[in-house]
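# Secondary and tertiary structure notes
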Amino acid sequence: MNDNFLQDQINDATFDFTMGDDESAINKLIAITESHPESFEAWHALTETYYSKKSFQAALKAAEKAHSIRANDIHINTSLSRIWIQLGDKQKAEHFGAQARMSGWKDALKSPSEKDAF
(Lines give C-alpha, C1' and ligand atoms only; values in the text may rest on other atoms or scores of the structure.)
Protein backbone atom coordinates (compact mmCIF):
# COMPACT_ATOMS: atom_id res chain seq x y z
CA MET A 1 0.00 0.00 0.00
CA ASN A 2 1.51 3.33 -0.99
CA ASP A 3 1.63 6.48 1.11
CA ASN A 4 -1.02 8.24 -0.98
CA PHE A 5 -3.50 5.40 -0.45
CA LEU A 6 -2.80 5.41 3.28
CA GLN A 7 -3.31 9.18 3.46
CA ASP A 8 -6.55 8.80 1.47
CA GLN A 9 -7.78 6.30 4.08
CA ILE A 10 -6.91 8.68 6.92
CA ASN A 11 -8.63 11.53 5.05
CA ASP A 12 -11.72 9.36 4.58
CA ALA A 13 -11.88 8.66 8.31
CA THR A 14 -11.31 12.33 9.07
CA PHE A 15 -14.15 13.24 6.72
CA ASP A 16 -16.46 10.87 8.62
CA PHE A 17 -15.44 12.60 11.83
CA THR A 18 -16.10 16.07 10.42
CA MET A 19 -19.53 14.89 9.25
CA GLY A 20 -20.35 13.78 12.80
CA ASP A 21 -19.91 10.04 12.29
CA ASP A 22 -17.42 9.54 15.12
CA GLU A 23 -17.90 5.78 15.37
CA SER A 24 -17.16 5.24 11.69
CA ALA A 25 -14.08 7.46 11.96
CA ILE A 26 -12.81 5.59 15.01
CA ASN A 27 -13.43 2.18 13.43
CA LYS A 28 -11.61 3.21 10.26
CA LEU A 29 -8.70 4.69 12.18
CA ILE A 30 -8.39 1.61 14.38
CA ALA A 31 -8.27 -0.56 11.25
CA ILE A 32 -5.60 1.71 9.77
CA THR A 33 -3.47 1.63 12.93
CA GLU A 34 -3.76 -2.15 13.04
CA SER A 35 -2.59 -2.51 9.45
CA HIS A 36 -0.07 0.36 9.65
CA PRO A 37 1.06 0.53 13.29
CA GLU A 38 3.84 2.99 12.45
CA SER A 39 1.54 5.58 10.84
CA PHE A 40 1.98 8.68 12.96
CA GLU A 41 -0.79 10.47 11.07
CA ALA A 42 -3.32 7.70 11.79
CA TRP A 43 -2.45 7.58 15.48
CA HIS A 44 -2.67 11.36 15.76
CA ALA A 45 -6.05 11.44 13.99
CA LEU A 46 -7.27 8.71 16.35
CA THR A 47 -6.00 10.75 19.31
CA GLU A 48 -7.95 13.81 18.24
CA THR A 49 -11.10 11.82 17.49
CA TYR A 50 -11.08 10.20 20.93
CA TYR A 51 -10.31 13.56 22.53
CA SER A 52 -13.33 15.16 20.89
CA LYS A 53 -15.52 12.38 22.33
CA LYS A 54 -14.01 13.07 25.75
CA SER A 55 -12.57 9.54 25.79
CA PHE A 56 -9.40 10.83 27.39
CA GLN A 57 -7.88 7.47 28.39
CA ALA A 58 -8.27 6.17 24.82
CA ALA A 59 -6.92 9.46 23.49
CA LEU A 60 -3.92 9.13 25.81
CA LYS A 61 -3.18 5.61 24.61
CA ALA A 62 -3.30 6.68 20.94
CA ALA A 63 -1.25 9.82 21.66
CA GLU A 64 1.43 7.84 23.47
CA LYS A 65 1.76 5.57 20.43
CA ALA A 66 2.00 8.57 18.08
CA HIS A 67 4.56 10.13 20.42
CA SER A 68 6.65 6.94 20.36
CA ILE A 69 6.80 7.27 16.57
CA ARG A 70 7.53 11.02 16.39
CA ALA A 71 8.43 12.41 19.80
CA ASN A 72 9.46 15.87 18.58
CA ASP A 73 6.22 16.64 16.75
CA ILE A 74 4.68 19.88 17.99
CA HIS A 75 1.12 18.64 17.39
CA ILE A 76 1.34 15.40 19.36
CA ASN A 77 3.06 17.16 22.24
CA THR A 78 0.26 19.73 22.25
CA SER A 79 -2.31 16.93 22.16
CA LEU A 80 -0.63 15.18 25.09
CA SER A 81 -0.62 18.43 27.06
CA ARG A 82 -4.34 18.91 26.42
CA ILE A 83 -5.10 15.32 27.39
CA TRP A 84 -3.13 15.55 30.64
CA ILE A 85 -4.99 18.75 31.52
CA GLN A 86 -8.26 16.86 31.15
CA LEU A 87 -6.91 13.97 33.21
CA GLY A 88 -5.89 16.39 35.96
CA ASP A 89 -2.12 16.02 35.85
CA LYS A 90 -0.80 19.58 35.64
CA GLN A 91 2.86 18.52 35.84
CA LYS A 92 2.60 16.21 32.81
CA ALA A 93 0.50 18.78 30.94
CA GLU A 94 3.18 21.40 31.51
CA HIS A 95 5.92 18.98 30.45
CA PHE A 96 4.30 18.24 27.10
CA GLY A 97 3.35 21.90 26.63
CA ALA A 98 7.02 22.81 27.08
CA GLN A 99 8.01 20.09 24.60
CA ALA A 100 5.59 21.56 22.06
CA ARG A 101 7.01 25.07 22.56
CA MET A 102 10.58 23.79 22.16
CA SER A 103 9.61 21.99 18.96
CA GLY A 104 8.10 25.22 17.67
CA TRP A 105 11.25 27.15 18.51
CA LYS A 106 13.43 24.54 16.78
CA ASP A 107 11.26 24.76 13.67
CA ALA A 108 11.48 28.55 13.75
CA LEU A 109 15.27 28.41 14.00
CA LYS A 110 15.46 26.06 11.01
CA SER A 111 13.40 28.39 8.83
CA PRO A 112 14.95 31.69 7.78
CA SER A 113 12.84 34.63 8.82
CA GLU A 114 11.36 37.03 6.27
CA LYS A 115 13.79 39.65 7.53
CA ASP A 116 16.76 37.39 6.69
CA ALA A 117 15.40 36.67 3.20
CA PHE A 118 16.20 40.17 1.94
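Data block above holds the structure.
Not measured: the values here are computed from a predicted model. (Residues numbered from 1 in each chain as written. Predicted model: local features only at pLDDT ≥ 70, side-chain atom pairs only at ≥ 80, totals over all residues. Heavy atoms only, no water.)

### Quick notes on the environment of Leu87
Rules: Helix numbering and strand numbering both begin at the N terminus, where a helix is a DSSP run of H or I of at least 4 residues and a strand a DSSP run of E of at least 2. Between two residues, a contact is recorded if the distance between any of their heavy atoms is within 4.5 Å.
Take Leu87: it is sitting in helix α5 (residues 74-87). Residues contacting Leu87, with those up to four places away along its chain left out, are Phe56, Gln57 and Leu60.

### A look at the environment of His36
What counts, and what does not: Pairs of N or O atoms are called polar contacts if they sit within 3.5 Å, as long as, within protein, a hydrogen donor faces a hydrogen acceptor (for residues adjacent in sequence, only side-chain-to-side-chain pairs).
Locating His36 in the fold gives a position in the loop between α2 (22-35) and α3 (40-52). Taking the C-alpha atoms as reference points, His36 and Thr18, 18 residues apart in sequence, are found 22 Å from one another. Side chain to side chain, His36 and Ser35 meet in a polar contact 2.9 Å long.

### Describing the pattern of salt bridges
Cut-off, in case you're wondering: Whenever a carboxyl oxygen of Asp or Glu lies within 4 Å of a side-chain nitrogen of Lys or Arg, that contact is scored as a salt bridge. Think of it in three bands: with a 1.4 Å probe and only protein chains considered, a residue is buried below 20% of the maximum accessible area for its type, exposed above 50%, and partly exposed in between.
Counting across every chain of the model gives 7 salt bridges. A salt bridge links Glu41 to Arg70; the nearest nitrogen and oxygen atoms lie 3.2 Å apart. Of the two residues, Glu41 is situated in helix α3 and Arg70 in the loop between α4 (56-69) and α5; the sequence distance between them amounts to 29 residues. One salt bridge connects Arg82 with Glu48, and the closest N-O pair in it is separated by 3.1 Å. With a gap of 34 residues between them, Arg82 in helix α5 and Glu48 in helix α3 connect regions that are remote in the sequence. Since its relative accessible area comes to 28%, Arg82 is described here as partly exposed. Here Glu48 falls in the partly exposed class, since its relative accessible area comes to 23%.

### A word on the packing of helix α1 (residues 3-18) against α2
Rules: A fitted line through C-alpha atoms serves as each axis, taken over the contacting stretch for helices, and the angle formed by two N-to-C directions is quoted from 0 to 180°. Angle categories are assigned with fixed cut-offs, so that under 35 degrees is roughly parallel, over 145 is roughly antiparallel, 65 to 115 is roughly perpendicular, and the rest are oblique. Here a crossing is taken to be left-handed if its near helix is turned anticlockwise relative to the far helix by less than a right angle, and right-handed if that turn runs clockwise. Lys, Arg, Asp and Glu make up the charged group, whereas Ala, Val, Leu, Ile, Met, Phe, Trp, Tyr, Cys and Pro make up the nonpolar group; the residues left over, Gly among them, are polar.
Between α1 and α2, the shortest axis-to-axis distance is 7 Å and the interhelical angle comes to 160 degrees. What the angle tells us is that α1 and α2 run roughly antiparallel. Pair α1 / α2 crosses with left-handed handedness. Between α1 and α2, the contacting residues are Leu6, Gln9, Ile10, Asp12, Ala13, Asp16 and Phe17 on the first element and Asp22, Ser24, Ala25, Lys28, Leu29 and Ile32 on the second. The residue makeup of the contact of α1 with α2, split by class, is 7 nonpolar, 2 polar and 4 charged.

### Some thoughts on α3
As a reminder of what qualifies: The span one expects for a helix is its residue count, reduced by one, times 1.5 Å.
Between its first and last C-alpha, α3 extends 18 Å over 13 residues, near the 18 Å set by a 1.5 Å rise per residue. Within α3, 10 of the 13 residues are buried, leaving the element largely enclosed by the surrounding structure. The complete set of buried residues in α3 reads Phe40, Ala42, Trp43, His44, Ala45, Leu46, Thr47, Thr49, Tyr50 and Tyr51. Residues of α3 that are buried make contact with α1, α2, α4 and α5.

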